[in-house]
Amino acid sequence: AQSVTQPDIHITVSEGASLELRCNYSYGATPYLFWYVQSPGQGLQLLLKYFSGDTLVQGIKGFEAEFKRSQSSFNLRKPSVHWSDAAEYFCAVVSYDTGRRALTFGSGTRLQVQP
Amino acid sequence: GAVVSQHPSWVICKSGTSVKIECRSLDFQATTMFWYRQFPKQSLMLMATSNEGSKATYEQGVEKDKFLINHASLTLSTLTVTSAHPEDSSFYICSGDSEQSYEQYFGPGTRLTVT
């Protein structure tokens, strides 16, 4: 079964510092990968997605992610974090070659931003 | 991106009563809709997948007689929590995708509190 691992439950960074959130996935010859952000009590907002092509994808709010097939990773990065980035971040994967269309989510990483 | 709405956004009900949550795709036809549940400080867990006009497929451990899902049209799916109990209190999020897209579009979620 496909799975997603986000090894960091909680990360604290200073405002202006760089950020990298890790995501590892298993399974799927052709994974489709996503990063979502969720503020408390809110729904999910899509930050970026990878389907194919260039392995470095740009998203909204200055985020980017790099797909590395050899490492089964899809890490999210931002060069300079803003206080408004404090939220919960979820990595998700779907692999249509399994016939399963539902997303599998990682456990999430809570980001705190220190002034 | 495509828009999915959910109604109500929050609901409080008494133990033993039933609650219906609606999920609508506003500007696309959702051939498949998904229902997720999210407990506080946890990730999203898939409850069921539904295709328009057919019975929903429930994940292991999800009681189909308790969580009734109806996907009567390409733009509407409903989740009815029957005989709700306090342990059913959670954040319920729906999403939809279409045959033309590899992306799921999420609703804003419904907060259910059972007293």
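Asker: It is not clear to me how the packing of aromatic side chains should be interpreted in this structure. Could you clarify?
Answerer: Each pair of aromatic rings is reported with the distance of its centres and the angle of its planes. Applying the stated criterion across every chain yields a total of 15 aromatic pairs over all chains. Aromatic pair A:Tyr36 and B:Phe106: ring centres 5.2 Å apart, planes at 80 degrees, arrangement edge-to-face. On the criterion of chain membership, the pair formed by A:Tyr36 in strand 5 (residues 31–38) and B:Phe106 in strand 10 (residues 105–106) is interchain, its members lying in two chains. An identical accessibility class is assigned to A:Tyr36 and B:Phe106; each is buried. One aromatic cluster is present, built from ring pairs that chain together A:Tyr32, A:Phe34, A:Tyr36, A:Phe51, A:Phe90, A:Phe105, B:Tyr36 and B:Phe106. Above the face of the B:Phe67 ring, B:Lys66 is positioned so that its terminal group lies 6.0 Å from the ring centre.

Asker: What is the right way to read the sheet that holds strand 3 (residues 19–25) of chain B from this model?
Answerer: One key point about sheets: their strands pair by backbone hydrogen bonds, in either a parallel or an antiparallel sense. Residues and elements named next belong to chain B. Strands sit in the order 1-3-8-7 across an open sheet of four strands; the sheet is antiparallel. In this open sheet, the two edge strands, each paired with only one partner strand, are strand 1 (4–7) and strand 7 (67–73). Across the sheet, the mean angle separating the axes of adjacent strands is 15 degrees when strand polarity is ignored. For strand 1 and strand 3, the ladder comprises four bridges, and the chain directions are antiparallel. Among the inter-strand pairings, Ser5 is bridged to a residue of strand 3, identified as Arg24.

Asker: What should I look at first to understand the state of the cysteines in this one?
Answerer: Tallied over the entire structure, the rule returns two disulfides over all chains. Each disulfide pairs two cysteine sulfurs, and for A:Cys23 the partner residue is A:Cys91, the sulfurs being separated by 2.0 Å. Measuring handedness by torsion sign, the sulfur bridge of A:Cys23 and A:Cys91 sits at about -65 degrees and is left-handed. Of this pair, A:Cys23 sits in the loop between strand 3 (19–21) and strand 4 (24–26) while A:Cys91 is found in strand 10 (residues 87–95), placing the two residues 68 residues apart along the sequence. Here B:Cys23 pairs with B:Cys94 through a disulfide, and the sulfurs are 2.0 Å apart. Here the S-S torsion is close to 85 degrees, and the disulfide linking B:Cys23 with B:Cys94 is therefore right-handed.

Asker: How do you make sense of unusual backbone geometry when you look at a structure like this?
Answerer: Backbone phi values are negative for most residues with the exception of glycine, while trans is the configuration of most peptide bonds. Residues B:His7 and B:Pro8 are joined by a peptide bond in cis, for which omega reads 0 degrees. With respect to the element layout, B:Pro8 can be found in the loop between strand 1 and strand 2 (10–13). Of note in this structure, A:Lys61 is not a glycine but carries a positive phi near 60 degrees. Position of A:Lys61 among the secondary structure elements: in the loop between strand 7 (56–58) and strand 8 (64–68).

Asker: For this particular structure, what's the right way to read the layout of surface pockets?
Answerer: Here the second largest pocket is characterised by a volume of approximately 250 Å³. Lining the second largest pocket are 16 residues, and of these A:Gln38, A:Pro40, A:Gly41, A:Arg110 and B:Lys41 lie nearest its centre. Per-element tally for the lining of the second largest pocket: the top contributor is strand 10 of chain A, with three residues. Considered class by class, the residues forming the lining of the second largest pocket number six nonpolar, six polar and four charged.

Asker: It is not clear to me how the nonpolar core should be interpreted in this structure. Could you clarify?
Answerer: Where a protein is soluble and globular, its nonpolar side chains tend to be buried together. Among the nonpolar cores identified, the biggest contains 26 residues, and A:Trp35, A:Leu48, A:Phe74, A:Leu76 and A:Tyr89 are the most heavily contacted of them. Those elements that provide at least two residues to this core are strand 2 (10–14), strand 3, strand 5, strand 6 (44–50), strand 8, strand 9 (73–78), strand 10 and strand 12 (109–114) of chain A. With four residues, the top contributor of residues to this core is strand 10 of chain A. The next biggest cluster of nonpolar side chains, apart from the first, holds 24 residues, and it includes B:Val11, B:Met33, B:Ala84 and B:Tyr105.

Asker: It is not clear to me how the pattern of salt bridges should be interpreted in this structure. Could you clarify?
Answerer: Close approach of charged atoms lets side chains of opposite charge pair. Counted by the stated rule, this structure contains eight salt bridges over all chains. Between A:Glu66 and A:Arg77 there is a salt bridge; the shortest N-O distance is 3.3 Å. Taken together, the residues A:Glu66 in strand 8 and A:Arg77 in strand 9 connect sequence positions 11 residues apart. A residue is classified by how much of its surface remains accessible, and A:Arg77, at 23% relative accessible area, is partly exposed. Taking the shortest distance from any N to any O, the salt bridge between B:Asp88 and B:Lys66 comes out at 2.9 Å. Residue B:Asp88 is found in the loop between strand 8 (76–81) and strand 9 (90–97), and its partner B:Lys66 is found in the loop between strand 6 (57–58) and strand 7; the two are separated by 22 residues along the sequence. Owing to a relative accessible area of 5%, B:Asp88 belongs among the buried residues under this scheme.

Parameters at a glance
Residues numbered from 1 in each chain as written. Chains lettered and ligands numbered in written order. Predicted model: local features only at pLDDT ≥ 70, side-chain atom pairs only at ≥ 80, totals over all residues. Heavy atoms only, no water. Phe/Tyr/Trp six-rings, centres within 6.5 Å; stacked < 30°, edge-to-face > 60°. Helix = DSSP H or I, 4+ residues; strand = E, 2+ residues; numbered from the N terminus. Buried < 20%, exposed > 50% of the residue type's maximum accessible area, 1.4 Å probe, protein only. Lys NZ or Arg CZ within 6 Å of the ring centre and 35° of its normal. Pairing = 2+ DSSP bridges. Axes fitted to C-alpha atoms, helices over the stretch in contact; angles between N-to-C directions. Disulfide = S-S within 2.5 Å. 1 Å grid on protein atoms, 1.4 Å probe; cavity = no way out; pocket = protein on both sides within 12 Å on 5 of 7 lines; lining within 4 Å. Points joined across faces, edges and corners; volume = space filled by probe spheres on them. Nonpolar A, V, L, I, M, F, W, Y, C, P; charged D, E, K, R; others polar. Core = buried A, V, L, I, M, F, W, Y, C linked by side-chain atoms within 4.5 Å. Salt bridge = Lys/Arg side-chain N within 4 Å of Asp/Glu carboxyl O.

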